[in-house]
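# Examination of the molecular architecture
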Amino acid sequence: MGEGVRLLLTRPRPQQADWAARLRAQGVEVAALPLMEITPPDSPAPGRAAWQQLPGCALAVFVSPNAVDGFFALAPPGASWPPGPRAACVGPGTARALQARGVPAESIVQPAAGAASLDSEHLWERLCDADWQGAQVLVLRGNGGREWLAEQLGRAGARVQLVSVYQRAEPHWSPAEQAVLDDALARPRQHAWLLSSAESVAQLAARVGPVLQGQRAIATHERIAAAARAAGFEPVVLTRPDPAEVAQALRGL
């Protein structure tokens, strides 16, 4: 892509600063346009109860950095990660968030470094050989979501509990963010979108309609790419959620 093309960073606000800094280090011009709002759960009680159960768990699965932030926000005063359970996640961003909260690196399980994509299927490849019969597992997530991994663990004999530690909602854009959107829709050749959630793509399409036709996008998973194409984005390039690979994909567009 030519000079002056801006990449729209659509991750939730809590993840914007880190991603923006790492993309700028790759020479990418970025602008913030979060497509999802992250808020506390309806009730803190399930998350607080999960902290009480955590020492007896074999595994706690964190679906995103938002799940890490939400769960640790509900921790009892002075609480820290106990020595028994492992923490599982699908991507390096969540792994970094766990380590920042004091979870030892050796306790974190994630897809192999060379995995074709970073998702539940490739995380399960790292977990499926363990004996899950009777093991207690927490899945820490937002209000709903994909349950494929929880189903695999349940079939293997684990006692799986789904715990909502945050909520996802449509974003409330600031005037500056609305201006970013308006500029992108008016000048599609000067912009590309970095998409990291199929749900947020569908919400965006419902919100702005067919004006997404011809917008260019980089998606971090095939399900997200499919949602982007259905919304009218074209072309859509698939890449791993890594700033260096995103920068390379941007140049490839």
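Along each chain, residue indices are assigned from 1 in the same order as the chain's sequence is written. Local features in this predicted model are restricted to residues whose pLDDT is 70 or higher, and side-chain atom pairs enter the listing and the counts only when it is 80 or higher, whereas totals over whole chains, interfaces and linings include all residues. As a convention, hydrogens and water are excluded, and side-chain values are obtained from all of the structure's heavy atoms.

### Side note on the nonpolar core
In terms of nonpolar packing, the biggest core is built from 24 residues, with Phe62, Phe71, Phe72, Trp81, Leu98 and Leu140 touching the most fellow members. Numbering of helices and strands runs from the N terminus, with a helix taken as a DSSP run of H or I at least four residues long and a strand as a DSSP run of E at least two residues long. Where this core is concerned, the elements lending two or more residues are helix H2 (45-53), strand S4 (59-62), helix H3 (65-73), helix H4 (92-100) and strand S7 (136-141). Ranked by residues supplied to this core, first place goes to H3 with four residues. Contacts are residue-level and defined by heavy atoms, with any inter-residue pair within 4.5 Å sufficient. Residue contacts for phenylalanine 62: discarding those within four places in its chain leaves Ala67, Val68, Phe71, Phe72, Trp81, Ala87, Ala88, Cys89, Val90, Thr94, Leu98 and Leu140. Nonpolar cores are built from buried Ala, Val, Leu, Ile, Met, Phe, Trp, Tyr and Cys residues. Side-chain atoms within 4.5 Å join them into one set. The classification of residues rests on relative accessible area computed with a 1.4 Å probe and restricted to protein chains. Under 20% of the type maximum is buried, over 50% is exposed, and intermediate values are partly exposed.

### What about the sheet that holds S7?
Read from one edge of the open sheet, five strands run S6-S5-S4-S7-S8, paired in parallel fashion. Each of the sheet's edge strands pairs with one partner strand only, and the pair in question is strand S6 (108-109) and strand S8 (159-164). Note: S4 against strand S5 (residues 86-88), three bridges, orientation parallel. From the neighbouring strand, alanine 60 faces S5, where its bridge partner is alanine 87. Note on geometry: axes are C-alpha line fits, over the in-contact stretch for helices, and angles between N-to-C directions span 0 to 180 degrees. On top of the sheet, helix H6 (residues 148-155) reaches S4, S7 and S8; it is set at about 155 degrees to S8, its chief contact. When DSSP finds two or more bridges between a pair of strands, those strands are recorded as paired.

### What to know about the pairing of strand S10 (residues 191-195)
Every other side chain in a regular strand lies on the same face of the sheet, so the side chains alternate between the two faces. Counting buried residues in S10 gives five out of five residues, a clear majority hidden from the surface. Where strand S1 (residues 6-9) and S10 come together, four bridges link them in parallel fashion. Pairing of leucine 8 across the sheet is with tryptophan 193, part of S10. Here three bridges tie S10 to strand S11 (residues 217-219), and the two strands are oriented parallel to one another. Its bridge partner being in S11, leucine 195 is matched across the sheet by alanine 219. By convention, orient the strands away from the viewer: a clockwise path from the first strand over the helix to the second makes the crossover right-handed. With respect to chirality, the unit in which S10 leads through helix H8 (residues 198-208) into the neighbouring parallel S11 is right-handed.

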